[in-house]
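# Chains, contacts and geometry: an overview
These are the residues of each chain, in order.
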Amino acid sequence: MVLAIFLLGVLGTGLELLFLGHTLGFSQLIPVVLLTMSLLVLGWHGLDRKSASIRTFQITMTLLLLAGIVGTGLHYRANEEFELEGDPELSGMALLSKVMTGPAPALAPGAMIQLGLLGLVYTFRHPALEKQA
């Protein structure tokens with residue numbers, strides 16, 4: 001069931017990114033590429049249920065986590081620059097409020113973090129890894 005939830009999340013997030021045009025430049029393509037990569041690795045795992053595919057999936061999930069963390073920072077910084085350009089006097093809670101509701105959804109990359117964690121939950125104590133020991 002964890003894998004089914006993960007797959008729904010990856011497909012939904014990937015489609016949303018494509019519909020939003022999140023494909024301008026290298027940094028915007030990173031989440032799309034990582035989501036696609038996770039589907040490809042799961043396809044490999046479906047064909048060859050050995051530890052190599054699970055380890056590769058774990059690496060991909062770690063990359064999803066990192067992309068989510070970096071993406072959150074990038075969205076935050078882009079919104080901050082935008083808001084300060086319009087009103088250089090903004091600071092404190094007023095700035096934070098504007099940044100969090102700015103044009104680039106500051107917490108949207110958190111979906112990548114959630115998917116990465118969910119994927120890692122799927123691999124926790126996976127039988128293919130136990131055979132390796």
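Residues numbered from 1 in each chain as written. Predicted model: local features only at pLDDT ≥ 70, side-chain atom pairs only at ≥ 80, totals over all residues. Heavy atoms only, no water.

### Describing the overall build of the protein chain
Counting its secondary structure elements, the protein chain contains six helices and zero strands. Reading the protein chain from its N terminus to its C terminus gives the helix and strand order α-α-α-α-α-α. Over its C-alpha atoms the protein chain spans a radius of gyration of 18 Å, topping by over 25% the 14 Å that the globule rule assigns to 133 residues. A total of 133 residues make up the protein chain; the buried ones form 35% of that total. Within the protein chain, counting contacts between residues at least 6 apart in sequence, those at least 24 apart form 65% of the total. (Helix = DSSP H or I, 4+ residues; strand = E, 2+ residues; numbered from the N terminus. Rg over C-alpha atoms; globule rule 2.2 N^0.38 Å. Buried < 20%, exposed > 50% of the residue type's maximum accessible area, 1.4 Å probe, protein only. Contact = heavy atoms within 4.5 Å.)

### Observations regarding helix 2 (residues 26-47)
In this model, helix 2 (22 residues) spans 31 Å end to end at C-alpha, consistent with the 32 Å of a helix rising 1.5 Å per residue. What helix 2 keeps buried is the set Pro31, Val32, Leu34, Leu35, Ser38, Val41, Leu42 and His45. Tucked into the core, helix 2 has its buried residues touching helix 1 (2-19), helix 3 (51-86) and helix 5 (110-123). (Expected span 1.5 Å × (residues − 1).)

### Concerning the layout of surface pockets
One number sums up the size of the largest pocket: a volume of about 600 Å³. Listed by contribution, the elements that provide at least two residues to the lining of the largest pocket are helix 1, helix 2, helix 3 and helix 5. Among the elements that make up the lining of the largest pocket, the one with the highest residue count is helix 3 (six residues). Taken together, the residues that form the lining of the largest pocket break down as 15 nonpolar, seven polar and one charged. (1 Å grid on protein atoms, 1.4 Å probe; cavity = no way out; pocket = protein on both sides within 12 Å on 5 of 7 lines; lining within 4 Å. Points joined across faces, edges and corners; volume = space filled by probe spheres on them. Nonpolar A, V, L, I, M, F, W, Y, C, P; charged D, E, K, R; others polar.)

### Observations concerning the environment of Gln114
Inspection of the secondary structure puts Gln114 in helix 5. Overall, Gln114 belongs to the exposed group, its relative accessible area being 56%. Put simply, Gln114 and Val33 are 81 residues apart on the chain and 17 Å apart in space, counted from C-alpha to C-alpha.

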